[in-house]
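Structural features, examined
Residue strings, one per chain:
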Amino acid sequence: MTQQAGPPDSHTARMLPRAVAHVRALTAAQPYVALILGSGLGSLADHVEDAVRIPFGDVPGFAPVTVAGHAGALVIGTLEGVPCIALQGRYHMYEGHDPEHVVFPMRLAAELGAKYLIVTNAAGGINRDFRAGDLMLIQDHINLTGRNPLIGPVAAGETRFPDMTDPYDAELRSTAAAVARELDVALVSGVYCALSGPSYETRAEIRMLASLGADAVGMSTVPEVIVARARGIRVLGISLISNLAAGISPTTLSHAEVLEAGQAAAGRFTRLVRGTIRRIPDLTQHS
């Protein structure tokens, strides 16, 4: 059951209409697909055509981005002929943001009309069959952040109790896998686990996560996916296995390694996402 927005003093209720008005004053585009581009993967937004680029800091309700590898811009235009809004970077709870602020860009994309979400991240590989540089289709996730962005007043257009049985759409995963085979892009599949960060995990924590069924671990994605599902938006998730996790990797973990992996995977990642967007269902209404 969809409910109305909460009290007018909530950040979402106060700022979302202003953010929508700001974007619509700059472009009449009606994005059909939202893309959230994680650490080192933002170069995909450079392929958006007829693009209107809006720095996060210019959008009411947004905040500056503080993490290297996150440009902090909305890029609105078309990709493969499909109206898209690309979030070139994201917020994280470890930056000091509460969950409501972390998911504010996702709520903006939904208000602007997005029906599909392709969400990406850089993650540490827990599955010992994975290698640094692998692209992983997210089958499911485990939320160990201790936070849920739906706590509090129900935002307009969202359901109080969204079903999370299959948060990552099976049809979209099948489509992406088919595209990967055709393009000869290697693809693995697994369960993503979100922790709050910003410290990397200990060896003992990685052993625990493996025992819980996690194949990869990161510090993002889950909040946006929860809100997308509360909105009825269909989700495809892709993780770049940027490094092997603690106790598996022979080297010390660093964010520089994450960014280097993103640069190395940019070509494969871009081909996969563009090929998948071409096959998004119901494209005939946007062609």
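Residues numbered from 1 in each chain as written. Predicted model: local features only at pLDDT ≥ 70, side-chain atom pairs only at ≥ 80, totals over all residues. Heavy atoms only, no water.

Re empty space enclosed by the protein
Quick reminder of the rule: Throughout, the protein atoms alone are placed on a 1 Å grid, and a set of points is a cavity if a 1.4 Å probe fits but cannot get out or a pocket if it is open with protein on both sides within 12 Å along at least five of seven lines; lining residues have an atom within 4 Å of a point. Grid points are joined across faces, edges and corners, and a volume is the space filled by probe spheres set on the points. Throughout this entry, Asp, Glu, Lys and Arg are counted as charged residues, while Ala, Val, Leu, Ile, Met, Phe, Trp, Tyr, Cys and Pro are counted as nonpolar. The remaining residues, Gly among them, count as polar.
Summed over all chains, the structure comprises two cavities of 30 Å³ or more. Taken as a whole, the largest cavity spans an internal volume of roughly 60 Å³. Lining the largest cavity, in full, are Arg90, Tyr91, His92, Met93, Val102, Thr145, Leu195, Ser196, Met219, Ser220, Thr221 and Pro223. Of the residues contributing to the lining of the largest cavity, the split by class is six nonpolar, five polar and one charged. Together, Ile36, Leu87, Gly89, Arg90, Tyr91, Val102, Pro105, Met106 and Glu224 line the second largest cavity. Residue composition of the lining of the second largest cavity, grouped by class: six nonpolar, one polar and two charged.

Brief notes about a nonpolar patch on the surface
Rules: Patch definition: residues with relative accessible area over 30% and no salt bridge; like charges joined within 9 Å; nonpolar side chains (Val, Leu, Ile, Met, Phe, Trp, Tyr) joined within 5 Å. Accessibility throughout is a Shrake-Rupley quantity obtained with a 1.4 Å probe, and a residue counts as covered only by protein chains that appear here. A pair is scored as a salt bridge if a Lys or Arg side-chain nitrogen falls within 4 Å of a carboxyl oxygen belonging to Asp or Glu. Strands are runs of DSSP state E lasting at least two residues, helices are runs of H or I lasting at least four, and both sets are numbered from the N terminus onward. Think of it in three bands: residues with accessible area under 20% of the maximum for their type are buried, residues over 50% are exposed, and the middle band is partly exposed, with areas taken using a 1.4 Å probe on protein chains only.
A cluster of nonpolar residues, Leu144, Met208 and Leu212, forms a patch on the protein surface that exposes about 260 Å² of accessible area. Along the chain, the position of Leu144 falls in the loop between strand E6 (135-143) and helix H4 (170-183). For Leu144, a relative accessible area of 36% translates into the label partly exposed.

Some details on helix H3 (residues 104-111)
Among the eight residues that make up H3, seven are buried, leaving the element largely enclosed by the rest of the structure. Buried within H3 are the following residues: Phe104, Pro105, Met106, Arg107, Leu108, Ala109 and Ala110. Just downstream of H3, Gly113 is the residue with a positive phi angle, here 120°.

Considerations on helix H1 (residues 11-26)
To be explicit about the condition: An expected span of 1.5 Å times one less than the residue number is assigned to each helix. Relevant arc is that of directions from the helix axis to the C-beta atoms, nothing else.
With 16 residues, H1 should cover 22 Å at 1.5 Å per step; its first-to-last C-alpha distance of 22 Å lies within 8% of that length. Along H1, the positions that sit buried rather than exposed are His11, Thr12, Met15, Leu16, Ala19, Val20 and Val23. Each buried residue of H1 sits inside an arc of 145° when the element is viewed along its axis, so together they form one side. In H1, the exposed residues that point more than 90 degrees away from the buried face are Pro17, Arg18 and Ala25.

Structural notes on the side chain of Asp169
Convention followed: Polar contact is defined as a pair of N or O atoms within 3.5 Å, subject to the rule that within protein one atom must be able to donate a hydrogen and the other to accept it, and that residues adjacent in sequence are counted only when both atoms are side-chain atoms. Contacts: residue pairs with any heavy atoms within 4.5 Å of one another.
Mapping Asp169 onto the fold places it in the loop between E6 and H4. Residue Asp169 is classed as buried on the basis of its relative accessible area, which comes to 15%. Within the structure, the side chain of Asp169 is placed 3.0 Å from the backbone nitrogen of Leu172, a separation counted as a polar contact. Beyond its immediate sequence surroundings of up to four residues, Asp169 is in contact with Arg234 and Val235.

A word on the confidence of the model for the chain
Here is the rule: Each residue carries a pLDDT score, the predictor's confidence in it, ranging from 0 to 100.
On average, residues of the chain score 89 in pLDDT, and 89% of them are at 70 or above. Counted against residues more than four places away or in other chains, residues 1-6, with its pLDDT under 50, gives 20 contacts.

Description of unusual backbone geometry
For the bond running from Gly197 to Pro198, omega is 5°, close enough to zero to count as cis. Along the chain, Pro198 turns up in the loop between strand E7 (188-194) and helix H5 (203-212). In this model, Asp50 sits at a positive phi of 50°, which is unusual for a non-glycine residue. The phi dihedral of Asp184 falls on the positive side, at around 60°, and the residue is not glycine. Its place among the elements puts Asp184 in the loop between H4 and E7. Since its relative accessible area comes to 72%, Asp184 is described here as exposed.

Observations regarding the pattern of salt bridges
Under the criterion given, the structure shown has 10 salt bridges. Notably, a salt bridge pairs Glu224 with Arg90, separated by 2.8 Å at the nearest N-O pair. Here Glu224, found in helix H6 (residues 222-230), pairs with Arg90, found in the loop between strand E4 (82-88) and helix H2 (99-102); they are 134 residues apart in sequence, far enough to count as distant. For the pair formed by Glu224 and Arg90, the shared burial category is buried. Here Arg107 makes a salt bridge to Glu158, at a shortest N to O gap of 2.7 Å.

A short note on the environment of Leu108
Mapped onto the elements of the fold, Leu108 is located in helix H3. Setting aside anything within four residues of it in sequence, one finds Leu108 in contact with Leu16, Ala19, Val20, Val23, Val59, Phe62 and Leu74.

Things to note about the packing of H1 against H3
Here is the rule we go by: Every axis in this analysis is a line fitted to C-alpha atoms, fitted for helices over the stretch in contact. Angles between the N-to-C directions lie between 0 and 180 degrees. By definition in this entry, angles of less than 35 degrees are roughly parallel, angles greater than 145 are roughly antiparallel, angles of 65 to 115 are roughly perpendicular, and the rest are oblique. When the near helix sits turned anticlockwise from the far one by under a right angle, the crossing is termed left-handed; a clockwise turn instead gives a right-handed crossing.
It is at 10 Å that the axes of H1 and H3 come closest, and there the two elements cross at 55°. By the angle class used here, H1 and H3 are oblique. H1 and H3 meet at a crossing whose hand is right-handed. Of the residues in H3, those in contact with His11, Thr12, Met15, Leu16, Ala19, Val20, Val23 and Arg24 of H1 are Phe104, Arg107, Leu108 and Glu111. Looking at the contact of H1 with H3 residue by residue, the classes come out as seven nonpolar, two polar and three charged.

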